[in-house]
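Residue-level structural notes
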Amino acid sequence: MINGPYSASHTEFAYFDTVLLVAGATGVTFAMSVLLDVAHRAASVAEGNGKPLLVRKVTLVWIVRNSAWVEWITEELQMAARDFGMAGILFQIQVFVTKIDDSDVTLTNSPPLSPQILRKDAEKTPQQTKNHDILGLGIEPGRPVWDNLVSDVLSGAQGESAVGVCGPLSLSIEVRRKVVALNRNSNRRIYLHVESFS
């Protein structure tokens, strides 16, 4: 189980209209900490407890080497999907698999998603795809095209957006460049938090 977030130097992601969390490999620990915190708070508000949140849409983008890694956090993603659904918040997960290998084994010894399933799922929107019993999970082969992905996720925002990224330096640089470009051309501000590996 991933707990948190603990004291950190970033703002409250729950008070933005649209949240995009980007993780490369083990950078998902940062993203999941923020994700589960926002999901838990949203569920509490839906149950009549706590201060109302502004968040309407949360998207997690995770770049991994193989699809078997999704199993590491399946339970947490199911919990987050349930909590966001209860609160009426749109939740999407996009997993990009950079290496497709049929010999990969999951923790439960079940076969990982095959290249055929990955390619079939890539043709669907995340809302239409159901893998690992998580509604909103889309799995695609390859790497994301940041210009399209970030713009698409943030385009429908009705208020300020937040982007959190944790992963290799090259990933942080790519996401930072796109957010800076969008901030230049938009009257809605985008907050960026870059979490470094330590």
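Below: a short report on this structure. This structure is a prediction, so every number in the text was calculated from the model and none was measured.

So, how was this worked out
Residues numbered from 1 in each chain as written. Predicted model: local features only at pLDDT ≥ 70, side-chain atom pairs only at ≥ 80, totals over all residues. Heavy atoms only, no water. Core = buried A, V, L, I, M, F, W, Y, C linked by side-chain atoms within 4.5 Å. Buried < 20%, exposed > 50% of the residue type's maximum accessible area, 1.4 Å probe, protein only. Helix = DSSP H or I, 4+ residues; strand = E, 2+ residues; numbered from the N terminus. Contact = heavy atoms within 4.5 Å. Phe/Tyr/Trp six-rings, centres within 6.5 Å; stacked < 30°, edge-to-face > 60°. Axes fitted to C-alpha atoms, helices over the stretch in contact; angles between N-to-C directions. Parallel < 35°, antiparallel > 145°, perpendicular 65-115°, else oblique. Left-handed = near helix turned anticlockwise from the far one by under 90°. Nonpolar A, V, L, I, M, F, W, Y, C, P; charged D, E, K, R; others polar.

Considering the nonpolar core
Across soluble globular proteins, nonpolar side chains have a tendency to be buried as a group. By size, the foremost hydrophobic cluster in this structure holds 39 residues, and its most contacted members are L35, W62, L77, F84, F91 and V95. Put simply, the parts of the chain that give this core at least two residues each are β1 (18-24), α1 (28-46), β2 (57-64), α2 (74-87), β3 (90-97), β6 (137-141) and β7 (161-166). Looking at this core, the element that brings in the most residues is α1, giving 10 residues. With residues near it in sequence (within four places) discarded, V95 still touches W62, V64, V70, L137, G138, I139 and E140. Listed in part, the 17 residues of the second largest apolar core include L149, V163, V175 and I190.

Focus: the packing of aromatic side chains
How two aromatic rings sit relative to each other is given by the distance of their centres and the angle of their planes. All told, the structure shown has five aromatic pairs when counted by the stated rule. Residues F13 and Y191 carry aromatic rings whose centres are separated by 6.2 Å and whose planes lie at 70° to one another, so their mutual orientation is edge-to-face. Of this pair, F13 sits in the segment before β1 while Y191 sits in strand β8 (residues 190-195), and the two are 178 residues apart along the sequence. For Y191, a relative accessible area of 24% gives the class partly exposed. Their ring planes at 40° and their centres at 5.0 Å tell us that F84 and F91 sit as a pair that is tilted.

As for the packing of helix α4 (residues 146-154) against helix α5 (residues 169-184)
Two packed helices can be described by the angle between their axes and the distance between those axes. Contact pair α4 / α5: the axes reach a minimum separation of 10 Å and the direction vectors enclose 55°. By the criterion of interaxial angle, the relationship of α4 to α5 is oblique. Like other packed secondary-structure pairs, α4 and α5 cross with a definite hand, here right-handed. For the pair formed by α4 and α5, the contact residues are W146, D147, V150, S151 and L154 on the first element and L171, E174, V175, K178 and L182 on the second. Tallied by class, the residues present in the contact of α4 with α5 amount to six nonpolar, one polar and three charged.

Some points on the side chain of S172
Within the element layout of this structure, S172 appears in helix α5. With residues up to four places along the chain from it excluded, the contact list for S172 reads V165, G167 and V194.

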